[in-house]
Every structure is written in C-alpha cells, then in structure tokens.
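# Architecture at a glance
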Amino acid sequence: MSLTNKGFRPALLSAAIAAAVTASFGVYAEESGESTALEEITVTGIRTSVLDSLEAKRNSDVVADVVDAGALGSLPDQSIADALGRLPGVTTVRSNGQSSQLNIRGMNGDFLATTLNGREQASTAGYTESTRWISFDQYPAELISQAAVYKSPKASLIEGGVAGTVELKTANPLDAPNQHNFTANVRSSYNDAAEEVGADEFGNRVSLSYMGKFMDNKLGVSLGYSHLDQPNSFTMSRAGADDADHVGYDRTVDYDGDGNADARARAFQWVAGNGSDTRDGYLASIVFQPTDSIKAQLDYFKSEFERTDLRHGITASGFKDANAGNLSITDAVVSNGIVTGATVSPINPATGDKAAPWFEARSEDQSTQADSDSIGFNLEWNISDRNTVVFDIAHSEGTKTRKDRVVSMHAYDISADGSTWAEVPQSMTYTSNGVGMPSAEFAGVDFTDLNTMRLSRYEEYPHLYTDEVDSYKVDYKFDLEWKAISSIEAGLRVSERAFDSRRGAFLYGSRDGQFNGYCADNLTGQPGDATYVDCMPQELDGFVTVGSVTGAPDHLVVNDFDGLATSIFGAGNYEGKQVFSQDWTFVESGLAEEKINAYYLMANLDTELAGIPVTGNFGVRYVETDIKSSGLQNVGSGNGQTITDDVGVTQNNYGYVKYGPEFSDTLPSLNLSFELSEQDIVRFAAAKVMGRQPAGQLKGGAGSWNSSNSAGDLEYNVWTKGSPYLDPFRANQIDLAYEHYFEDGGAVTAALFWKDIDSLVEKQYLYLDSQAERTALFDQLGIEIPAGLEAGAFETFVNNDKGGYIRGLELAGTKTFDQLPGAFAGLGLTASYSYTESETEVSGGNFYGENLPLPGLSENVWSTTVFWDIGNFSSHVNVRYRDEFILNMPIPGSSTPVMAQEYTTVDAQVSYAFENGIDVVFSANNLTDEANVVSYGEEGILGEYSEFGRQYYLGINYKY
C-alpha cells in the first residue's frame, strides 16, 4: 500500500515521519506486483500525517512499519537508515557517526533482506569481507518515497529476511498531483568537532527532483539527483592495535600482590580521523500506461559514495606477553583488579616478531569507494477484470573498494653514513580514564623530530568486493471472490547472484621497528630486481606535517601517501599483490555463486468469523537453492596446479576448487486481521522463514599450517574463511498484535513476537579424537593430505547447535492534543518501546569465556518524539535509546564479538513554510554528542571510545 500526498510540504516531513513511524506496527501492505493507492489526502501538518499513517495501518495485510515521504519528498535525514531507526523494534549501528546498518528485533544485518521496488539489492557494505546486507547510507533519503519494514512475511514476498525485510520504493510519476512537479532542497551543514581533528567542518546537501505527466497522463517521467558532501571526522582511543594478539587485556600477572592476576591492556591507540563523505545519487523512472489494462515501468537508481577516511595518531603495542623477558612494567596502579596506570618500556628494543613493546606515530588511509547500480523493467497486464499478470526483470550490482594503507614511523639513532641504525630507548607512562580516552606521556622520543623519526613500515592491503544480482519474476493474480477467498496469487522468481572478492598485500619493513638484520617483510621484489629496495628506515621529509590527538603527544602525520611511496619504491611499485608468502591473499579471494528458483501460491482472505470481519492471506513459498564456491585450496606440494604469484614465485601446492550444495525450503505463511470493532483490530501471523548465509562465509578457499602432535607425528592443518555447505538461517515465527484507535485521532498498539531459530553460524576449531575421524573429515571435504603428513585440525565456520528462541514485546502510542486551547492544540506525542530476549547464543570469541547473546540484540529499545504545529511553523524533538548489544569487531584475518554499550541520541528540527512554496529548515543531529563505547571483556575500563561531534543543518526547500 502506498500513500499519495497532495500538497505535501517537504519541510514538514521530518516531524511527520518521526510521528508516523513510531506510531504503528503494521502500516504497509503491498500486493505482489502492484500497489493499491489510498484516496488522495491533503497533508497540512504533522497531526494529519500521523492520522494518515494510522489509517494505512488499519488497511494493512501484514505486520510492518513504514516511513512515507510522499512523492519524492524531502526527508530530514542523511540516509534512509536514520528514518528507519525510529521504527518500533528497529535500531541503527553507527559507522563514523552515521547510521549505516539496521538491527531488527534483536538481529543484525546478516538476518535482513532488502529490496528496492520489490527487487533484491546488491550489497556495497563489505569492509573486511563480502556481505549481504546493504549500507543504508548508500541510499539518499531524498530519492526514496517510501520505506517499509516487513516483520511478518507473506508468500509473495522474496524470501531471505529472518528478522525482517526492508522494502524501499521510489515514486510513480503518474501519481504526482500536478502535470509538472519540481522540488529543490539546499542545505549547508556544520560539524562542531571536525576542526579539532583537522577536517573541514562545513558541508552541503543538494537535491533536485522532477515529475511530469505527458500524452494525456499516459506517460510519466521522474528524474532525481541528490548530492551530499559533509565532514567525516572522529576521535577514538582503544585498548588494542593490529591483530588478535594485540587487542584486549592480558591476565597473567599479579601486579598488586593480592594473589590474583590483574587485567592489563595489550596495546593502546590514540586516533584522530578526518575526511569527508561525498555521495551522488541518481534516479530515473519512465511509466507508460496507454490503457487501463497495460502499464510498463522502467526504473534506474545509481549511487556513488566516496568516503575519504584519513587517520593519524600514536600506537603503543607489543605488551602481550608479560613473561617474555622483553617487557618492563613498573609503577603499576591497580583498581578492582585492573591496571589503570603504569610505565611500560622494552628491555631490548632490538627484538623481532612483536615480542617487545614499541611506540610509533601511525598514519592510515582507510578511504572507501562504494558504487551501486540498479535497473528494472516491470510490465503489468490486466488481462480482464479478474486476471492480472506482472512481468519483472532486474539487474543490480555493487562494487566496494578500500585502500587500507598503513605507515608506521619510529625514532632511530642513525649513523652519519646511514649504515647502522637502532631504535632509541624509550618508555610510556599511561593513565586510564574509565571507559573514556586514556592519557599518556612518552620519554626518550619526540614524535615530531624529523632528525630521528623515520618510516619503519609501509603496508597496503587493497580490498575489492563485487556483488551482482540478476532476477526474473512473473506474478499472476485471479480475483476469485469465492466464499472466504477474495483472490488467488501465484508466481515464480529466478535469480542468479555472484559475490566476488580479491585481496592483496604490499609489505615493506617492520611495524614493530627495524634494526640491523631484522625486517619483517619486503615485497619490493628479489635482490637484483629493478624494483628491489633494501630494508632500512626511510626519510619522511617533504611528506609529513605535525598533528595532534586527544590524550597523546603531537606527532608526524603523512599528508601524501602516494608521494611518499613513490619516492621510496617508484611509481606503481607498491600496489597490493597476491603472494604465497601471505597465502591469505589467495584464500580470502574467491567467488560464491547462487542460483535460486522460487515458486509461491497464496490466497487472499475477506470473510467473517462469528460476525467479526477477517482479512489476510495464507500461502506457501517453495525455494530451490544451488550454491557453488570457487577458490584456491592448499592441497600439498606437488598436488596442485603450477601457479605463479604476483612477485614471480611459482608453487604447485595450490589447486583450484569449485563445489557446493543444492537444497530446498518450503515456507508456509499466514496473516490474519480481526476487526473487533471500528476502533479495535487483532492481528495474528505465523510463518516459517529463512535467511541466507553471510556471503563472506561461503568461500571455498583454504590455507594450511603444519604442526606436531603429542606422538611426534607431523600433521597437516587446514583453515578456511567459510564453507558453501553452511545451512541457511531457518526459523519458525509467530506475531500477535492488538491495535486500538481513538475516535478523535491517535492509537495505542501492542505486539508480541516469537522466533524459534534452528542454528547459527560460528567459527570453530575442529580437532577430532582419532586419526581415522580426522582423515574421514578431510576426505569428506575433498582436501588432499600431502605425502608424509597426517590429517590434523580443521578451522572454519560451521552451523552450531545453539539455536533457540528470540521473543519480545513492542508497544507504541500516538496522541494529538487538539482538545487543548489555542496554539497548544498543535502538540502531539508519539512513542514506542520494545523488549527483546533470547536464549540463542554465539561463542564468546577472544574476549569472553562464556557464550554471548545474538549479535545486534538490545533488550530495551525506545523512541519518543514530541511535535508541535502552529500554523506554518513545525517542530519536533526525537530521543532514541538502545541497550548494550554485541558487535562483531573485525580484526586482521578474523573477527571477534565485543559489547557495544548503551547510548541515547537526540535529534531535532524546526521549519517554517511560506505560502510561495519555500520552506526554511533547521535541524540538528546527535545533540548530546553521544559517544560510541565498546567493551573488550573488562567492565569499567577502556575497550573502544569514539566521538563524532554534533551535526547541524540549515536549508531551504522549494516545491512547485
């Protein structure tokens, strides 16, 4: 169901959406292949918008929430994620201060499906791995006319959303109120924290849209453009750096003599990030409806999102092993079993393999480029008054790249001729500040002195992720009007999807510092090659400036990564490569392909039961899935193909593989609405649902390592990033909702939901009891065991047996106070609260010994909006809160669960609408400058702390 708003003022939309969104649990009903438009409603303020949403809720045939922006209206938010984050049971995950990922009913993005105009969307969310869930900040809010979150499925909906399905819609130009419709929005932005980290604090946002009707309203055209350019800045500190061995806390030493080992950070980082987000979005739709029986529509959507993400700061690492003999910790201050301050220094800095502390100035380039294209053609043919068929063909593709460049700079004593060098003796004294940013002072080193500071290591790990979806769909509807069944729907959908990824590496020097005779990596080539560069600390003059970061000393900052790299290695000689010395570059690259055939049959209901009107639907969806994964596996020397890596090394221990399963799912669903009275509705929904495996966990590549067992036999151990044989997420679910509508406007609603999940995916280390069992496992997986070796461990992602329930309660209410005198009659309030609990658990990972709740689950979530209309003036304030929840934090080569702490965000907007179509808007996001706080398994002490600043917007909207 879509809303057609005539005379809608875009400037009022923020408050209207905030009010309407939190008001309902089920507002959006869409018949497969077509939208049923309500009668046109003239919207003159927030109160009317709230009532419109409640009326749409009453006519819904599924449990869903909606954000309706009118025909190419102007949402107040940077992306559609901000608006969706105000829905009951829906929360956002902030990335660089912006809402980019959704959690629904306690489940993260792995459990969601997203469509645009009913078509599956390719993902551009990959950061360290391929993903299925989309980055919602890729979608400009101005170009989305409606967004819905389906919480109960029906058979005609595309499968894939265990938590829910998010449907984004663009406008149909033939529904526009006038022959020619034009909207322009211009806003400037200001971030009050950007200047502190050297970023430009000012930004801008511009959107233009046009909708026209021609040929006696038989041809409609929509054109839209949205541009965003705003600061991307943050200040961050964390108790960690680099890989899993240098993140979190060590508990091996008793520092205060009480007989208990105390928790001590393994590393610290102080980071300032600056850059900008630049996004350009384009929309075009052509609708041709020559007769009432034929409608053809072509839709195109494109988004280009470039994030410049430059980081600098101080890293202190190498504190892991207190018993290694190279770590000196003195003057330790212990509070409640946690070392909150100490002086740390290396006993011998000339120690390789990160076995001693090191202190560095570090600069990073984590810039990304995400491009998304979607095109689709839809043909609707009303064969007769009772028969309708819809054909749809679509293509969607997404590409995501990340530079991932790191420069480490250390202080050296260098001889006059440069032939010898050694790191200067140095130490760090730090003091913690609870969960906030710690402070540190360094002795023996000046991080701004170009006479001693040199480049110690240059790293580049380029990421490339692509995703392509091709789909074909046919839907048929027959108006039966036979007893309880009003119509029958049937259809089929065929789709092919391909996730591809490529990893590379260029490494030179040592992150923990160089000394004569020690250099961790050198991928410049072989000695004698024209590209070869001897390992030694390199000069930085001409490529650095001095920067600051909260809590740590001033330091050198690389301001020209390419210039510095070219001066050392030569132009183009430092690109990331696939090399056998870093075999993960092969294993983590690969292709996963899916072929899906889906069929459904559904009956729509319109009847009475004991005098109570009953509407809804029941049906079944049958899905056939074929998954094949391609990659490289280490099959042992002499057993593979002859392959030459990017630096000229040839090996024959890797072989190309392509394998995967075929399986099917039968997904019944039922949705019923009982109209107990004109003011009271009870809804019941039940379904079996499925969600497909995370794309990055379907890879077929495998690496290996050798080890000796207790008997002294040499074993061949295999690791993978995943397996195409992972089962999808499967669950049974039930929804029960009650809705009461007030005669004078407003409503209160309550809903209960329950999901029974079969199993989850987690990383496991499998070492079976006997050699026979281990050999049988390798044979089953098609892994060759090299001659002279025995089968050992297998480390991969598997389906665990930790399924269980997720259940919860959602409450919402909306009240307008038109009974109050005078201007106070424009007041209104809308609020929602959700409680979610689960027995479902995942592994505690590196930081937690026990199992943890499902990633994305916050027990308590609430949102409240107060709005006020006074004539042409409109305002609202929205407050959102979410409890602590589990995040999967990426670390090189893996990921681990961490606990994101509770947070509350406050947004506000005021606007004034002139009679000439011009609106003036002022809005503010994150008014309380709420930080992101993450725990690494120790309560009350730093895990990760990030601040992003407040964002202010001032703009003008014009509509003709």
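Within each chain, residues carry numbers counting from 1 in the order of the written sequence. For a predicted model such as this one, the threshold for reporting local features is a pLDDT of at least 70, and the threshold for listing and counting side-chain atom pairs is 80 or more; totals across whole chains, interfaces and linings nevertheless cover every residue. To get the side-chain values, all heavy atoms of the structure are used, and hydrogens and water are removed first.

### Some words on the overall build of the chain
Think of it this way: any DSSP run of H or I at least four residues long counts as a helix, any run of E at least two long counts as a strand, and we number them from the N terminus. If you tally the helices and strands in the chain, you get 6 helices and 58 strands. Note that the radius of gyration is over C-alpha atoms, with the globule rule given as 2.2 Å times the number of residues to the power 0.38. At 29 Å, the chain has a C-alpha radius of gyration in line with the 30 Å of a compact globule built from 960 residues. Once the C-alpha set of the chain is aligned to its principal axes, its extents read approximately 90 × 65 × 60 Å. Looking at the 960 residues of the chain, the share that counts as buried comes to 60%. Should any heavy atoms of two residues lie within 4.5 Å, those residues are counted as being in contact. Restricting to contacts in the chain with at least 6 residues of sequence separation, those with at least 24 account for 74%. Put simply, the chain shows about 34900 Å² of open surface, and 52% of that area lies on carbon and sulfur atoms. Treating the 65 positive side-chain charges of the chain as one cloud and the 134 negative ones as another, the clouds have centres 5 Å apart. For each residue, the accessible area found with a 1.4 Å probe, counting protein chains only, is set against the maximum for its type, and the residue is called buried under 20%, exposed over 50%, and partly exposed in between. Exposure was quantified through the Shrake-Rupley algorithm and a 1.4 Å probe, taking into account, for residues, occlusion by the shown protein chains and nothing else. The charge count includes Lys and Arg as positive and Asp and Glu as negative, but it does not include His or the ends of the chains. For charged residues, the charge sits on one atom: NZ in Lys, CZ in Arg, CG in Asp, CD in Glu.

### Structural notes on the environment of Ile393
Of note, Ile393 is situated in strand 22 (residues 387-402). On the basis of relative accessible area, Ile393 is assigned to the partly exposed category, the value being 41%. Considered as a pair, Ile393 and Val549 are 156 residues apart in the sequence and their alpha carbons are 52 Å apart. Beyond its immediate sequence surroundings of up to four residues, Ile393 is in contact with Ile375, Gly376, Phe377, Ser471 and Tyr472.

### A short note on the pattern of salt bridges
A side chain with one charge can pair with a side chain of the opposite charge if their charged atoms come near. For salt bridges, the criterion is a side-chain nitrogen of Lys or Arg within 4 Å of an Asp or Glu carboxyl oxygen. What the rule picks out here adds up to 39 salt bridges. Linking Lys699 and Glu129 is a salt bridge whose minimum nitrogen-to-oxygen distance equals 2.8 Å. With Lys699 in the loop between strand 39 (680-691) and strand 40 (702-708) and Glu129 in the loop between strand 7 (119-120) and strand 8 (146-150), the pair connects residues that are 570 residues apart, well separated along the chain. Asp467 is the partner of Arg497 in a salt bridge, and the nearest nitrogen-oxygen pair spans 2.6 Å. Remark: Asp467 occurs in strand 28 (residues 463-482) and Arg497 occurs in strand 29 (residues 485-503); sequence separation between them is 30 residues.

### Thoughts on the side chain of Arg683
Within the element layout of this structure, Arg683 appears in strand 39. The class for Arg683 is buried, based on a relative accessible area of 3%. By the criterion applied in these results, polar contacts are pairs of N or O atoms within 3.5 Å in which, for protein atoms, one can donate a hydrogen and the other can accept it, and in which residues neighboring in sequence qualify only through two side-chain atoms. At 2.6 Å, the side chain of Arg683 and the side chain of Ser673 are in polar contact. A distance of 2.6 Å separates a polar atom in the side chain of Arg683 from a polar atom in the side chain of Glu739.

### Remarks on helix 6 (residues 771-781)
Inspection of helix 6 places Arg774, Leu777 and Phe778 among the buried residues, and these make up the whole buried set. Down the axis of helix 6, the smallest arc covering the buried residues is 95°, so these residues share one side. What points out from helix 6, more than 90 degrees from its buried face, is the exposed set Ala772, Asp779 and Gln780. Contact partners of the buried residues in helix 6: strand 41 (714-720) and strand 45 (790-799). What the arc measures is the spread of directions leading from the helix axis to the C-beta atoms.

### A short note on the state of the cysteines
In this description, the term disulfide denotes a pair of cysteine sulfurs within 2.5 Å. Under the counting rule described, the total for this entry stands at 1 disulfide. Sulfur-sulfur distance for the disulfide between Cys519 and Cys535 comes to 2.0 Å. Here Cys519 is found in the loop between strand 30 (506-509) and strand 31 (521-522), whereas its partner Cys535 is found in the loop between strand 31 and strand 32 (544-549), with 16 residues between them in sequence. Judged by its relative accessible area of 24%, Cys519 falls in the partly exposed class. On the basis of relative accessibility, which here comes to 18%, the residue Cys535 falls in the buried class.

### Quick word on the confidence of the model for the chain
As a per-residue measure, pLDDT tells how confident the predictor is, with possible values from 0 to 100. Mean pLDDT for the chain: 85, with 91% of residues reaching 70 or above. Mean pLDDT across the secondary structure elements of the chain bottoms out at strand 1 (residues 5-6), with 30, and peaks at strand 33 (residues 552-558), with 97. Counted against residues more than four places away or in other chains, residues 1-45, with its pLDDT under 50, gives 177 contacts. Within the model, the stretch residues 70-76 combines pLDDT values under 50 with 33 contacts to residues more than four positions away or in other chains.

### With respect to a negative patch on the surface
Put simply, a patch holds well-exposed residues, over 30% relative accessible area, that have no salt bridge, with like charges counted together within 9 Å and Val, Leu, Ile, Met, Phe, Trp or Tyr side chains within 5 Å. A surface patch of like charges, here negative, comprises Glu859, Glu884, Glu902 and Glu939. The residue Glu902 is located in the loop between strand 53 (894-900) and strand 54 (903-913) in this model. Using a relative accessible area of 45% as the deciding quantity, one classes Glu902 as partly exposed.

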